[in-house]
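Okay, here's what each chain looks like letter by letter:
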Amino acid sequence: MMGARNSLLRTPETFHMHRRQALTLALASATVAAFPSRRANAAGSASPPFKLAYAPHPGMFKRLGGDGVLDQIRFAADNGFTALEYNGLPKETPEMQSAIGDLLNKLDMQMGVFVAYGSFDRPTFARPDDASTAEILQAMSDAVDVAKRVGATWFTVVPGSVDQQFVDEDRPWNRYGGNRLAMGYQTANVIDMLRRCVDVIAPHDLVMVLEPLNWYSNHGGTFLQRSDQAYAICRAVDSPACKILFDIYHQQITEGNLIANIDACYDEIAYFQAGDNPGRKEPSTGEINYRNVFAHLHAKGYQGVIGMEHGNSVKGADGEQRVIDAYRMADDF
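First things first, this report covers the structure right here in the doc. (Residues numbered from 1 in each chain as written. Predicted model: local features only at pLDDT ≥ 70, side-chain atom pairs only at ≥ 80, totals over all residues. Heavy atoms only, no water.)

### Observations concerning the overall build of the protein
Right, so step 1: Within the protein, the secondary structure is distributed over 12 helices and 11 strands.
Right, so step 2: Per-residue burial for the protein yields a buried fraction of 47% across its 333 residues.
Right, so step 3: Sequence-distant contacts in the protein: of pairs separated by 6 or more residues, those separated by 24 or more amount to 75%.
Right, so step 4: Counting only carbon and sulfur atoms, one obtains 51% of the accessible surface of the protein, whose full area is about 16,000 Å². (Helix = DSSP H or I, 4+ residues; strand = E, 2+ residues; numbered from the N terminus. Buried < 20%, exposed > 50% of the residue type's maximum accessible area, 1.4 Å probe, protein only. Contact = heavy atoms within 4.5 Å. Areas by Shrake-Rupley, 256 points an atom, 1.4 Å probe, with all protein chains shown as cover.)

Here you go:
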């Protein structure tokens with residue numbers, strides 16, 4: 001491509017090609033001038049903001065946007081995205097976290113979730129002990145600091161696994177003896193621990209979002225699986241600081257009936273994540289009708305973030321452009 005652009009040959013074919021390119025650039029410039037609210041991307045074309053706040057994550061656009069997180073955020077903004085999601089944000093330095101927050105503020109983008117606490121194979125909430133309780137509360141305190149630096153409102157909490165059927169006597173959380181704790185007691189423990197988390201984060205107007213995860217493809221044994229289960233727990237905690245992260249990919253696998261289940265627990269949902277199934281890639285690669293789901297959320301007046309927590313179905317720059325195009329199609333309602 002570079003050789004063709006720099007060539008001095010002026011055959012009829014190349015003349016018409018350059019003429020078409022010139023007309024395309026002229027049309028793009030006129031469009032940008034006519035619609036000043038639209039951002040111009042790296043190719044010079046107009047990229048209107050999406051109807052919903054879809055949030056890519058670092059690494060999703062590293063070929064087109066650049067290796068650096070800040071460059072990728074700028075690229076996302078240039079292409080109409082108005083939010084960012086970054087599960088690994090707590091691992092960044094405080095200086096980098098502040099830089100991300102400053103850039104998001106400058107670009108008028110929302111900060112989506114980061115993972116404040118994620119336990120997948122220990123019953124840290126369902127069967128806690130002193131050490132796991134201290135670990136969880138410290139994570140909440142740390143999350144408050146991170147959220148302040150980036151201007152975040154939400155962060156993810158995965159409340160551990162279910163209690164194991166046969167508990168090893170050497171495990172430090174085995175304070176109830178060697179038998180599996182009944183689910184009612186596990187649920188009560190989870191609610192009590194979440195209330196203690198609320199005591200830490202609520203004074204800062206922050207929201208932990210609880211993510212039900214599927215047992216079949218990704219996270220067997222996690223305590224939270226279903227949307228109705230998360231709804232009941234949030235109602236029991238009874239705080240605006242404890243809500244549901246409804247991951248559309250996970251709930252398609254666990255329970256299906258997406259729109260009806262979203263409606264049933266909508267009052268307790270604060271955040272969504274997307275990913276098609278099977279494969280956990282961008283919309284249009286699987287069985288979920290994302291255009292209908294997104295249209296439904298838009299009609300309900302949802303103004304929060306939808307995290308793009310999935311991979312790219314195709315590697316490289318072409319795959320990154322395919323992700324952008326997939327969200328344009330899904331957002332066309």
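What follows picks up the thread again.
### Some words on the nonpolar core
Right, so step 1: In terms of nonpolar packing, the biggest core is built from 77 residues, with Met140, Phe155, Met208, Phe272 and Phe294 touching the most fellow members.
Right, so step 2: A total of 8 residues in this core trace back to one element, the largest contributor, which is helix α6 (residues 130-150).
Right, so step 3: Other than its neighbours up to four places away in sequence, Met208 contacts Met140, Phe155, Val157, Leu194, Cys197, Val198, Ile201, Ala241, Cys242 and Lys243.
Right, so step 4: Judged by nonpolar contacts, the second largest core, of 11 residues, contains Ala53, Ala83, Trp154 and Val305. (Core = buried A, V, L, I, M, F, W, Y, C linked by side-chain atoms within 4.5 Å.)

### Brief notes about helix α7 (residues 183-201)
Right, so step 1: Over its 19 residues, α7 runs 27 Å from end to end, which matches the ideal 27 Å to within 8%, given 1.5 Å per residue.
Right, so step 2: Burial in α7 covers these residues: Gln186, Asn189, Val190, Ile191, Met193, Leu194, Cys197, Val198 and Ile201. (Expected span 1.5 Å × (residues − 1).)

### Some points on the side chain of Asp276
Right, so step 1: Position of Asp276 among the secondary structure elements: in the loop between β10 (269-274) and α11 (290-299).
Right, so step 2: Arg322 is the oppositely charged side chain nearest to the buried, salt-bridge-free Asp276, at an N-O distance of 9.3 Å.
Right, so step 3: From its side chain, Asp276 meets the backbone nitrogen of Ile288 in a polar contact 3.0 Å long.
Right, so step 4: Residue contacts for Asp276: discarding those within four places in its chain leaves Tyr249, Lys281, Glu282, Pro283, Ser284, Thr285, Gly286, Glu287, Ile288 and Tyr290. (Lys, Arg positive; Asp, Glu negative; His and termini not counted. Salt bridge = Lys/Arg side-chain N within 4 Å of Asp/Glu carboxyl O. Polar contact = N/O pair within 3.5 Å; in protein donor to acceptor, adjacent residues only side chain to side chain.)

### Describing the pairing of strand β11 (residues 305-308)
Right, so step 1: Residues Val305 and Gly307 line one face of β11 and the alternating positions Ile306 and Met308 line the opposite face, and both faces are buried.
Right, so step 2: In this sheet, β11 lies alongside strand β3 (residues 53-55) in parallel orientation, the contact comprising 3 bridges. From the neighbouring strand, Ala53 faces β11, where its bridge partner is Val305.
Right, so step 3: Relative to β11, β10 runs parallel, the two being bridged by 3 bridges. Of the residues in β11, the one forming a bridge with Gln273 is Gly307. (Pairing = 2+ DSSP bridges.)

### A look at the sheet that holds strand β9 (residues 242-247)
Right, so step 1: Judged by pairing direction, the sheet is parallel, and its 7 strands sit side by side in the order β3-β11-β10-β9-β8-β7-β6 without closing on themselves. The outermost strands of the open sheet, each flanked by one partner alone, are β3 and β6 (115-119). Taking the axes of each pair of neighbouring strands and ignoring which way they run, one obtains an average angle of 30° across the sheet.
Right, so step 2: With respect to the sheet, α6 is in contact with β6, β7 (154-159) and β8 (207-210), its orientation differing from that of β6 by roughly 160°. (Axes fitted to C-alpha atoms, helices over the stretch in contact; angles between N-to-C directions.)

### Looking at the pattern of salt bridges
Opposite charge on two side chains allows them to pair when their charged atoms are near.
Right, so step 1: Counting across every chain of the model gives 9 salt bridges.
Right, so step 2: A salt bridge links Asp163 to Arg127; the shortest N-O distance between them is 2.3 Å. With Asp163 in the loop between β7 and α7 and Arg127 in the loop between β6 and α6, this residue pair connects regions lying 36 residues apart in the sequence.
Right, so step 3: Between Arg226 and Asp228 there is a salt bridge whose closest N-O contact spans 3.0 Å.
Right, so step 4: Connected through salt bridges with shared partners, the residues Asp247, Arg280 and Glu309 form a single ionic network.

### A short note on the pairing of β9
Right, so step 1: For β9, the buried fraction is high: 6 of the 6 residues fall into the buried class.
Right, so step 2: Sheet topology places β8 next to β9; 3 bridges connect them, and they run parallel. From the neighbouring strand, Leu210 faces β9, where its bridge partner is Ile244.
Right, so step 3: Note on the crossover from β8 through helix α8 (residues 227-237) to β9: the handedness is right-handed. (Right-handed = clockwise from strand over helix to strand, strands pointing away.)

### A word on the packing of helix α10 (residues 258-265) against α11
Right, so step 1: Running from amino to carboxyl end, α10 crosses α11 at an angle of 25°, the nearest separation of the two axes being 10 Å. Taken together, the axes of α10 and α11 are roughly parallel relative to one another. When the axes of α10 and α11 are compared, the crossing they make is right-handed. Every residue of α11 that contacts α10 at Ile259, Ile262 and Asp263 is listed here: Asn292, Val293, His296 and Leu297.
Right, so step 2: For the contact of α10 with α11, the class distribution of residues is 4 nonpolar, 2 polar and 1 charged. (Parallel < 35°, antiparallel > 145°, perpendicular 65-115°, else oblique. Left-handed = near helix turned anticlockwise from the far one by under 90°. Nonpolar A, V, L, I, M, F, W, Y, C, P; charged D, E, K, R; others polar.)

### Things to note about unusual backbone geometry
Right, so step 1: Of the consecutive residues Asn277 and Pro278, the connecting peptide bond is found in the cis state with omega at 0°.
Right, so step 2: Here Pro278 shows up in the loop between β10 and α11.
Right, so step 3: The backbone of Asn257 shows a phi angle near 50°, a positive value even though the residue is not glycine.
Right, so step 4: Its place among the elements puts Asn257 in the loop between α9 (248-254) and α10.
Right, so step 5: Even without being glycine, Ser284 reaches a positive phi, approximately 90°.
Right, so step 6: Position of Ser284 relative to the elements: it lies in the loop between β10 and α11.

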